[in-house]
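So you can see what is in the structure, the chains are spelled out below.
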Amino acid sequence: MFKSVDRAAILKYWTAERKKQLLGSKKLLLLPWEAPDVLVTMDLMNPEGSLTRSQTKKLLQVNHMLGLLRPTLQTLASQHSLLRIAEGAAGNSYVSLLLAWYFTAVEKHPVMIIATDSNPKVVAQSEARAKHLGLDKVLKFACQGLESFDWKQLFQTLFPEHWDDSKEESAEESLKRHRPHFFVTLHACDSLSCKAIHHGMELKADVLAIAPCCQAELAAQWKEVKDLSSPMRAIFNSPQLRRATAADFTDTIRLLLLRSLGYDCEAIEFVPSEHTPKNRLLLAQRRRQYDLKSLQDYVDFKGVCGSGSIELERLAQGQIDQFRQKL
């Protein structure tokens with residue numbers, strides 16, 4: 001099923017000159033001559049070591065992402081003897097595969113990773129990749145969509161050896177103690193990104209890393225706005241501007257809601273813009289229960305960005321209303 005790696009050919013192929021051409025002044029974590037099995041299995045390198053232009057581009061993308069997340073991952077590893085990671089709407093699970101490789105080969109820290117997707121075919125393929133690379137002890141999979149994401153059931157089924165029922169505590173306290181430390185979802189389409197954020201917040205994950213995609217929900221609502229007095233009418237009536245602005249406004253609302261509900265959140269470029277326009281990552285770290293200044297920023301922003309709402313607002317409505325009374 002998987003291509004065989006020719007290590008001798010790879011070492012011969014990657015001459016000092018070729019290494020210099022690839023690296024330039026960059027420092028990469030995932031190197032062709034050091035991690036050939038991972039790259040060939042992910043189809044990011046040919047078995048003898050060569051890279052197509054497309055493979056080179058993707059290799060630089062994943063290295064950029066790993067480098068960006070590394071400080072956060074190192075901090076989490078220093079805080080937890082066993083790092084727990086969850087990936088929802090994982091698709092081919094390349095992120096989980098890379099994280100399993102990173103903590104096995106680079107950071108060398110105990111980790112358990114659960115990746116889920118609603119497509120049984122891609123889940124089976126991901127399982128086969130992990131087993132082929134010998135990562136199936138720390139990386140496990142389940143066919144489960146974000147709508148039915150059940151962390152407790154997944155944890156107890158896939159990693160029962162790490163679930164500790166010895167303490168006398170409530171179900172809520174137990175779930176919080178067994179929470180994922182890092183919750184990631186990349187390119188979950190439209191409202192699925194909202195569901196991913198909400199799941200991560202409900203699980204009290206220490207860090208959320210969400211890369212939104214296809215933010216169409218708000219744009220569809222704006223299309224139906226008939227209020228000619230709105231200062232946003234020029235945007236509402238221009239399809240291209242409506243789509244682009246709605247995407248930015250959607251992620252701004254997500255960012256402000258995360259901050260309002262106790263997360264330090266930033267929107268950052270996790271893939272260089274020359275590689276893909278879908279390059280925004282919302283990286284959020286749980287710090288407190290809520291933040292009134294950010295909640296006021298959210299209320300003010302909603303007052304000027306026009307009508308319409310996104311799924312995350314509806315999912316978090318109860319929490320927002322609870323803290324809105326404190327304004």
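Anything mentioned here points back to the structure above.
Residues numbered from 1 in each chain as written. Predicted model: local features only at pLDDT ≥ 70, side-chain atom pairs only at ≥ 80, totals over all residues. Heavy atoms only, no water.

Engineer: How do you make sense of the overall build of the chain when you look at a structure like this?
Structural biologist: Along its length, the chain carries 15 helices and seven strands. Taking 327 residues into account, the globule formula puts the C-alpha radius of gyration at 20 Å, and the chain, at 21 Å, falls close to it. On the principal axes, the C-alpha backbone points of the chain span a range of 70 × 55 × 35 Å. Put simply, the chain has 327 residues, and 50% of those count as buried. Sequence separation of at least 24 residues holds for 72% of the intrachain contacts in the chain that already meet a minimum separation of 6. Here the chain displays about 15800 Å² of accessible surface, and carbon together with sulfur accounts for 50% of that area. Counting 43 positive and 38 negative side-chain charges, the chain places the centres of these two groups 5 Å from one another. (Helix = DSSP H or I, 4+ residues; strand = E, 2+ residues; numbered from the N terminus. Rg over C-alpha atoms; globule rule 2.2 N^0.38 Å. Buried < 20%, exposed > 50% of the residue type's maximum accessible area, 1.4 Å probe, protein only. Contact = heavy atoms within 4.5 Å. Areas by Shrake-Rupley, 256 points an atom, 1.4 Å probe, with all protein chains shown as cover. Lys, Arg positive; Asp, Glu negative; His and termini not counted. Charge placed at Lys NZ, Arg CZ, Asp CG, Glu CD.)

Engineer: What exactly am I supposed to notice about helix α9 (residues 191-202) here?
Structural biologist: Each α-helix winds once per 3.6 residues, and so residues spaced three or four apart point in a common direction. Look at α9: 17 Å from first C-alpha to last across twelve residues, which is about the 16 Å you get at 1.5 Å a residue. Of all twelve residues that make up α9, nine are buried, and the element is covered over most of its length. Along α9, the residues that are buried comprise Ser193, Cys194, Lys195, Ala196, Ile197, His198, His199, Gly200 and Met201. Backbone geometry just downstream of α9 places Lys204 in the positive-phi region, at approximately 60 degrees. (Expected span 1.5 Å × (residues − 1).)

Engineer: Sorry, what's going on with the packing of aromatic side chains here?
Structural biologist: The geometry of an aromatic ring pair comes down to the distance between the two centres and the angle between the two planes. Inspection of every chain in the model, using the stated rule, returns ten aromatic pairs. Their ring planes at 80 degrees and their centres at 5.6 Å tell us that Trp151 and Phe155 sit as a pair that is edge-to-face. Of this pair, Trp151 and Phe155 both sit in helix α7 (residues 151-158), four residues apart, roughly one helical turn. Trp151 gets classed as buried once you look at its relative accessible area, which sits at 2%. Each ring, one from Phe249 and one from Phe301, has its centre 5.1 Å from the other, and the planes form 55 degrees; the classification is tilted. You can see Phe249 sitting in helix α12 (residues 239-260) and its partner Phe301 sitting in helix α13 (residues 292-304), a full 52 residues away along the chain. Residue Phe249 shares its accessibility class with Phe301, and that shared class is buried. For Arg18, the ring lying beneath its charged end belongs to Tyr13, and the centroid distance is 3.9 Å. The side chain of Lys140 reaches across the aromatic face of Phe159, ending 5.6 Å from its centre. (Phe/Tyr/Trp six-rings, centres within 6.5 Å; stacked < 30°, edge-to-face > 60°. Lys NZ or Arg CZ within 6 Å of the ring centre and 35° of its normal.)

Engineer: Even after reading the chapter, I still don't get the state of the cysteines, so can you show me in this structure?
Structural biologist: What we call a disulfide is simply a covalent bond connecting the sulfur atoms of a pair of cysteines. On inspection of all chains with the given rule, the structure shows zero disulfides. Not part of a disulfide, Cys194 finds its nearest cysteine sulfur in Cys189, a span of 11 Å. We note that Cys265 lacks a disulfide partner, and the nearest cysteine sulfur, in Cys194, lies 12 Å from it. Given a relative accessible area of 1%, Cys265 falls into the buried group. (Disulfide = S-S within 2.5 Å.)

Engineer: Which parts of the structure should I look at to understand the environment of Cys214?
Structural biologist: Take Cys214: it is sitting in the loop between β5 (207-213) and α10 (217-223). Sequence separation of Cys214 and Leu192 is 22 residues, and the distance between their C-alpha atoms is 9.9 Å.

Engineer: Would you mind showing me how to read the pairing of strand β7 (residues 280-286) here?
Structural biologist: Within a regular strand, side chains alternate between the sheet's two faces. Here four bridges tie β5 to β7, and the two strands are oriented antiparallel to one another. Its bridge partner lying in β7, Leu208 is registered against Ala284. (Pairing = 2+ DSSP bridges.)

Engineer: Looking at this model, I keep getting lost on the sheet that holds β7. Mind explaining?
Structural biologist: In a beta sheet, neighbouring strands pair by backbone hydrogen bonds and run either parallel or antiparallel. Judged by pairing direction, the sheet is mixed, and its seven strands sit side by side in the order β3-β2-β1-β4-β5-β7-β6 without closing on themselves. Two strands bound the open sheet, and with one partner strand each, they are β3 (139-143) and β6 (263-269). Each strand axis lies, on average, 15 degrees off the axis of its neighbour in the sheet, ignoring direction. Judged from the five bridges that link them, strand β2 (residues 111-117) and β3 form a sheet pairing that is parallel. From the neighbouring strand, Ile114 faces β3, where its bridge partner is Lys140. Docked against the sheet, α7 engages β1 (83-87), β2 and β3, running at close to 120 degrees with respect to β2. (Axes fitted to C-alpha atoms, helices over the stretch in contact; angles between N-to-C directions.)

Engineer: I'm lost on the side chain of Arg242 in this one. Help?
Structural biologist: Residue position: Arg242 is located in helix α12. No salt bridge is formed by the buried Arg242; the nearest opposite charge belongs to Glu224, separated by 7.8 Å. (Salt bridge = Lys/Arg side-chain N within 4 Å of Asp/Glu carboxyl O.)

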